[in-house]
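One-letter residues, chain by chain:
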Amino acid sequence: MRNHTITALWEEIPDDADDLVLVSGGFRIYVCLCGKQLPDRTAAELHAMETGQCTTCLGTKVEHIVPDYAQDCTACAGTGRRGTQLRWQLAHAEAEAAITVETVRAVIAPLSGPFRLSEVADAVRDALGLPVGRMPVGPRVRDILRRLETEGELILVSAPDRMLRGTGVVLYRDPSWEHATAG
Ligand SMILES: [Zn+2]
Ligand SMILES: [Zn+2]
């Protein structure tokens with residue numbers, strides 16, 4: 001069996017580069033060890049797919065967000081495998097169905113001060129009796145809290161843990177929110 005290690009090499013990144021394009025696979029050259037031509041991100045993802053590798057990290061197990069920052073790939077739980085990525089996608093869909101906006105609202109309603117994402121996720125897991133590690137509870141709860149933030153119901157009160165590219169690309173490990181009506 002051939003080795004299909006796909007490597008992404010960073011190109012020169014202009015100062016005014018589009019942050020979204022940058023974090024979603026742009027400004028890179030993709031090469032596979034087997035020699036197949038991979039002219040762009042789409043081709044690289046397709047090749048990862050046909051060789052059984054995760055389409056987010058291209059089998060590397062690591063997601064390179066910006067040139068000087070990488071993290072374990074969340075799409076495939078750091079395995080690099082397409083099969084795990086698909087199973088994890090299914091688990092995301094399950095979490096979406098199991099954890100509703102109402103569930104999260106009920107959990108945060110009695111909280112008067114700021115609350116952390118991890119606290120809310122734990123409380124939701126307890127409330128629904130979900131086992132740890134079987135479903136991406138944290139990411140689902142974060143999506144809901146961010147939605148409530150966008151809709152003006154919550155206010156984000158913590159500063160980013162890391163700025164990866166000015167204020168355009170920031171990283172929050174365990175952000176805190178509070179109710180917009182508080183204080
Ligand atoms: Zn290949
Ligand atoms: Zn991956």
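It should be noted that the structure appears before, not after, this text.
Once a new chain begins, its residue numbering starts again from 1 and follows that chain's sequence as written. Chain A is the first chain written and ligand 1 is the first ligand written, with later ones labelled in order. Note on the predicted model: pLDDT of at least 70 is required for a residue's local features to be given, and 80 or more for side-chain atom pairs to be given and counted; whole-chain, interface and lining totals, by contrast, use all residues. In computing side-chain properties, one takes all heavy atoms of the structure into account and sets aside hydrogens as well as water.

> Requested: an account of the nonpolar core, with residues and values cited.
Here, nonpolar core refers to any group of buried Ala, Val, Leu, Ile, Met, Phe, Trp, Tyr and Cys residues whose side-chain atoms link them within 4.5 Å. Buried means the residue's accessible area, taken with a 1.4 Å probe over protein chains only, is under 20% of the maximum for its type, while exposed means over 50%, and partly exposed covers the values in between. In this structure, I99, V120, V124, V137, V141 and L145 are the most contacted members of the largest nonpolar core, which totals 20 residues. For the purposes of this entry, the term helix denotes a DSSP run of H or I that reaches at least four residues, the term strand denotes a run of E that reaches at least two, and both are numbered from the N terminus. Every element with two or more residues in this core is listed here: α4 (101–108), α5 (117–128) and α6 (137–150). Take this core: its biggest share by element is 5 residues, from α6. Excluding anything up to four places from it in sequence, V120 contacts V104, V107, I108, F115, V141 and L145. Core analysis: the next-biggest nonpolar cluster, separate from the first, contains 9 residues, I6, Y30, L38 and A43 among them. Residue contacts are defined here by distance: any two heavy atoms, one from each residue, within 4.5 Å place the two residues in contact.

> Any chance you could break down the coordination of the zinc ion (ligand 1) for me, citing the residues and the numbers?
In this listing, donors mean N, O and S atoms no farther than 2.8 Å from the metal, or 3.2 Å for Na, K and Ca; water is missing from the atoms, so a site can look incomplete. Within the protein, the zinc ion (ligand 1) binds to H4 (ND1), C32 (SG), C34 (SG) and H47 (NE2); these donor distances fall in the range 2.0 to 2.2 Å. In this scheme the shape depends on donor count and angles: four donors with every angle between 85 and 135 degrees give tetrahedral, four or six donors with opposite pairs above 155 degrees and others between 65 and 115 give square planar or octahedral in turn, and any other case is irregular. Each of the 4 donor atoms bound to the zinc ion (ligand 1) contributes to angles spanning 105 to 122°, and the resulting shape is tetrahedral. All donors of the zinc ion (ligand 1) belong to a single chain; written as a sequence motif, their spacing is H-x27-C-x1-C-x12-H. On the criterion of sequence distance, the pair formed by C32 in strand β2 (residues 28–32) and H47 in helix α2 (residues 41–50) is long-range, its members being 15 residues apart. Classification of C32 by relative accessible area gives buried; the value is 8%.

> Residues and numbers for the sheet that holds strand β5 (residues 115–116), please.
Strands sit in the order β5-β9-β6 across an open sheet of 3 strands; the sheet is antiparallel. Both outer strands of the open sheet, β5 and β6 (154–156), are each paired with one neighbouring strand and no more. Bridge analysis of β5 against strand β9 (residues 176–179) gives 2 bridges, and the strand direction is antiparallel. Pairing of F115 across the sheet is with W177, part of β9. Two strands make a pair as long as DSSP finds a minimum of two bridges between them.

> How would you sum up the coordination of the zinc ion (ligand 2)? Please name residues and give values.
Taken together, the protein ligands of the zinc ion (ligand 2) are C54 (SG), C57 (SG), C73 (SG) and C76 (SG), with distances of 2.2 to 2.3 Å. In this structure, the zinc ion (ligand 2) is coordinated by 4 donor atoms arranged in tetrahedral fashion, with angles at the metal of 105 to 114°. Between consecutive donor residues of the zinc ion (ligand 2), the sequence gaps follow C-x2-C-x15-C-x2-C. On the criterion of sequence distance, the pair formed by C57 in the loop between α2 and β3 (62–66) and C73 in the loop between β4 (69–72) and α3 (82–98) is long-range, its members being 16 residues apart. Classification of C57 by relative accessible area gives buried; the value is 3%.

> Any details on the packing of α4 against α5? Residues and values, ideally.
Only C-alpha atoms enter the line fits that serve as axes; for helices the fit covers just the stretch in contact. Angles between N-to-C directions range over 0 to 180 degrees. Close contact between α4 and α5 brings their axes to 10 Å; oriented N to C, the two are set at 110°. The pairing of α4 with α5 is recorded here as roughly perpendicular in orientation. As for the relative orientation of α4 and α5, their crossing is right-handed in sense. Packed against α4, whose contacting residues are T103, V104, V107 and I108, the element α5 presents V120, A123, V124 and L128 at the interface. Among the residues making up the contact of α4 with α5, the classes are represented as 7 nonpolar, 1 polar and no charged. Any angle that falls under 35 degrees is termed roughly parallel, while one over 145 is termed roughly antiparallel, one within 65 to 115 roughly perpendicular, and all others oblique. Take the far helix as your reference; a near helix turned counterclockwise from it by less than a right angle gives a left-handed crossing, and one turned clockwise gives a right-handed crossing. Gly is placed with the polar residues, together with every amino acid not listed as nonpolar (Ala, Val, Leu, Ile, Met, Phe, Trp, Tyr, Cys and Pro) or charged (Asp, Glu, Lys and Arg).

> Quick one: what's the story with α6, residue by residue and with numbers?
Spanning 14 residues, α6 covers 20 Å between terminal C-alpha atoms, matching the ideal 20 Å at 1.5 Å per step. Among all positions in α6, only V137, R140, V141, I144, L145 and L148 are buried. Buried residues of α6, seen end-on, are gathered within an arc of 130° and therefore sit on one face of the element. Buried residues along α6 sit in contact with α3, α4, β5, α5, β6 and β9. Looking at the residues trailing α6, positive phi occurs at G152, about 90°. Helices are assigned an expected span. That span is 1.5 Å times one less than the residue count. Directions from the helix axis toward the C-beta atoms define the arc.

Keep in mind these numbers describe shape, not what the thing actually does.
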